[in-house]
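Fold and contact review
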Amino acid sequence: MSHEAAGVPTTRNDEDRQDDVPQDSDGVPQDNDDVQAVQQNEAEPDAPGPVGPEDAGPRPEDRLARAVQVAEQALIEFEIAVETFRVEVENFSRLHHQKLGPMYARLDELDALIAEARAAKTGDPEDERKAREARAVVMPMPGVDELFHDWMDTDGLSPEAAAMLTEQPVRPPKRVRPSEEARRLYRELARKAHPDLAQDEVERLRRDGFIARVNAAYGRGDVELLKELVAEWEAGPVQPPAPLSESEELYARLEWLSRRKELLTVLAKELEDGAIGSMLRMAPDDPDQLLEDIAEQLLGEVSRREAELAEMTR
């Protein structure tokens, strides 16, 4: 409809504006939106069109999510390394006590007998004092730590104690380091079922219970049970992919992973600096052979002390 038809007088400015309005091939003026688009294109002929979601770069949350995933995997690998070393330290300690404890006890007894024989010969008060001290070492008063050694840990009863309470046979370790097959299966299960990969509390509890069974089986070097646990996990519920977290949650997750790594570092340091850990570092490739070497040395010491005692009491 023209201005004249609407009862609106035509002015010079109206005529000028109408002359400036772009027309199509039939001479029909285009609407206002088309006019604005034409004018904008004439003013900015090289301006790019609107940017769609597919043209945008990666979101900061995406990069943060990838950083969290990398940190989680690194932490799990660190925990696996710490746990494998902890099992070796624990097994070495038990086998050290089982195999070498009687030899150490025999050496203490021989030291006491030699000191007592020397004191009986000399009658020296100093020799008598040393004899009393040597005899006190043979039968020491047990402390609380010694009484509960291998019975209590940070999670409660040890597997051996739990087995006895449930009338199950106790299976002590046969060697310091579980077999390569056991180590491979343990690492596979730990990477798949680690509680840190849970997306909710229910799943975390399920994984906690499962990993506790994995740790117990690995500590005993039970390859068959580990294989059964692999099959059990593979038959279990498959968790859907986690939805993209918000940046605040991802930052909190990174902070938690960092704190967890610090705690594991302290634990690893304590294990390495302990007496058993230090001994294990002497033979990282074959710790079981180290026990045999120590046993041979102790047998030699026992023989020398027995010869010394026989000479003194002759």
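Cut-offs used in this document
Residues numbered from 1 in each chain as written. Predicted model: local features only at pLDDT ≥ 70, side-chain atom pairs only at ≥ 80, totals over all residues. Heavy atoms only, no water. Helix = DSSP H or I, 4+ residues; strand = E, 2+ residues; numbered from the N terminus. Buried < 20%, exposed > 50% of the residue type's maximum accessible area, 1.4 Å probe, protein only. Contact = heavy atoms within 4.5 Å. Areas by Shrake-Rupley, 256 points an atom, 1.4 Å probe, with all protein chains shown as cover. Salt bridge = Lys/Arg side-chain N within 4 Å of Asp/Glu carboxyl O. Phe/Tyr/Trp six-rings, centres within 6.5 Å; stacked < 30°, edge-to-face > 60°. Core = buried A, V, L, I, M, F, W, Y, C linked by side-chain atoms within 4.5 Å. Lys, Arg positive; Asp, Glu negative; His and termini not counted. Patch = residues over 30% accessible without salt bridge, like charges linked within 9 Å, V, L, I, M, F, W, Y side chains within 5 Å. Charge placed at Lys NZ, Arg CZ, Asp CG, Glu CD. pLDDT = per-residue confidence, 0-100. Expected span 1.5 Å × (residues − 1). Axes fitted to C-alpha atoms, helices over the stretch in contact; angles between N-to-C directions. Parallel < 35°, antiparallel > 145°, perpendicular 65-115°, else oblique. Left-handed = near helix turned anticlockwise from the far one by under 90°. Nonpolar A, V, L, I, M, F, W, Y, C, P; charged D, E, K, R; others polar. Arc of directions from axis to C-beta.

Observations concerning the overall build of the chain
- For the chain, the helix and strand inventory stands at 12 helices and two strands.
- Order of helices (α) and strands (β) in the chain, N terminus to C terminus: α-α-α-α-α-β-β-α-α-α-α-α-α-α.
- Per-residue burial over the chain gives 29% buried out of 314 residues.
- Nonlocal contacts in the chain, meaning residues at least 24 apart in sequence, comprise 70% of its contacts between residues at least 6 apart.
- In the structure as shown, the chain presents an accessible area of about 21100 Å², 54% of it carried by carbon and sulfur atoms.

Things to note about the pattern of salt bridges
- Inspection of every chain in the model, using the stated rule, returns 28 salt bridges.
- Linking Arg-94 and Glu-90 is a salt bridge whose minimum nitrogen-to-oxygen distance equals 2.5 Å. Placement of both Arg-94 and Glu-90 in helix α3 (residues 60-122) is noted, with a separation of four residues, approximately one turn of the helix.
- Judged by relative accessible area, Glu-90 falls into the partly exposed class, the value being 26%.
- The shortest N-O distance in the salt bridge between Glu-116 and Arg-135 comes to 2.9 Å. Separated by 19 residues along the polypeptide, Glu-116 in helix α3 and Arg-135 in helix α4 (residues 125-138) bring together distant segments of the chain.
- Sharing partners across several salt bridges, the network here consists of Glu-181, Arg-184, Glu-188, Lys-192 and Glu-234.

Things to note about the packing of aromatic side chains
- Going through the model one piece at a time under the given rule, you end up with two aromatic pairs.
- Consider the rings of Tyr-186 and Tyr-218, whose centres lie 4.5 Å apart with planes at 20°: the pair is stacked. Pair noted here: Tyr-186 is in helix α7 (residues 180-193) and Tyr-218 is in helix α8 (residues 201-220), with a separation of 32 residues, a long-range link. This pair shows no difference in class: Tyr-186 is buried, exactly as Tyr-218 is.
- Pairing Phe-210 with Trp-233 gives two aromatic rings, centres 5.0 Å apart and planes at 40°, and the pair type is tilted. Of this pair, Phe-210 sits in helix α8 while Trp-233 sits in helix α9 (residues 223-235); the two residues are 23 residues apart in sequence, bridging distant segments of the chain. Residue Phe-210 shares its accessibility class with Trp-233, and that shared class is buried.

What to know about the nonpolar core
- Counting residues in each nonpolar core, the largest one holds 31 residues, and the members touching the most others are Phe-92 and Leu-100.
- Elements supplying a minimum of two residues to this core: α3, α10 (247-273), α11 (275-282) and α12 (287-312).
- If near-sequence neighbours (up to four positions away) are discounted, Leu-100 is found in contact with Leu-95, Leu-291, Ile-294, Ala-295 and Leu-298.
- The next biggest cluster of nonpolar side chains, apart from the first, holds 19 residues, and it includes Ala-182, Ala-193, Phe-210 and Val-223.

Here's the deal with the side chain of Asp-127
- Inspection of the secondary structure assignment puts Asp-127 in helix α4.
- One buried charged side chain, Asp-127, makes no salt bridge at all; its nearest oppositely charged neighbour is Lys-130, positioned 5.0 Å away.

Here's the deal with a negative patch on the surface
- Among the surface-exposed residues, Asp-285, Asp-286, Asp-293 and Glu-296 lie close enough to one another that they form a single negatively charged patch.
- Structurally, Glu-296 can be placed in helix α12.
- Residue classification places Glu-296 among the exposed positions, given a relative accessible area of 59%.

Quick look at the confidence of the model for the chain
- This prediction gives the chain a mean pLDDT of 75; 68% of its residues lie at or above 70.
- Within the model, the stretch residues 1-22 combines pLDDT values under 50 with 15 contacts to residues more than four positions away or in other chains.

Description of α12
- Relative to the 38 Å expected for 26 residues at 1.5 Å per residue, α12 spans 38 Å between its end C-alpha atoms, a close match to the ideal helical length.
- Those residues of α12 that fall on the buried side of the exposure criterion are Pro-287, Asp-288, Leu-290, Leu-291, Ile-294, Ala-295, Leu-298, Val-302, Leu-309 and Met-312.
- The inward-facing, buried residues of α12 contact α3 and α11.

Quick look at the packing of α7 against α8
- Direction vectors running N to C along α7 and α8 enclose 170°, while the axes themselves pass 10 Å from each other. With respect to their mutual orientation, α7 and α8 come out roughly antiparallel. When α7 is examined against α8, the residues Ala-182, Arg-183, Tyr-186, Leu-189, Ala-190, Lys-192 and Ala-193 are found in contact with a partner set consisting of Arg-207, Phe-210, Ile-211, Val-214, Asn-215 and Tyr-218.

Let's talk about the packing of α3 against α10
- Packing of α3 against α10 leaves a shortest axis separation of 9 Å and a crossing angle of 20°. Overall, the two elements α3 and α10 adopt an arrangement that is roughly parallel. Judged by the sense of rotation from one axis to the other, the crossing of α3 with α10 is left-handed.
- Across the contact of α3 with α10, the residue classes tally to 19 nonpolar, two polar and eight charged.

Considering α7
- With 14 residues, α7 extends 20 Å between its outermost C-alpha atoms, agreeing within 8% with the 20 Å of an ideal straight helix rising 1.5 Å per residue.
- Among the residues making up α7, those that are buried are Ala-182, Arg-183, Leu-185, Tyr-186, Leu-189, Ala-190 and Ala-193. An end-on view of α7 places all buried positions within 165° of arc, on one side of the element.

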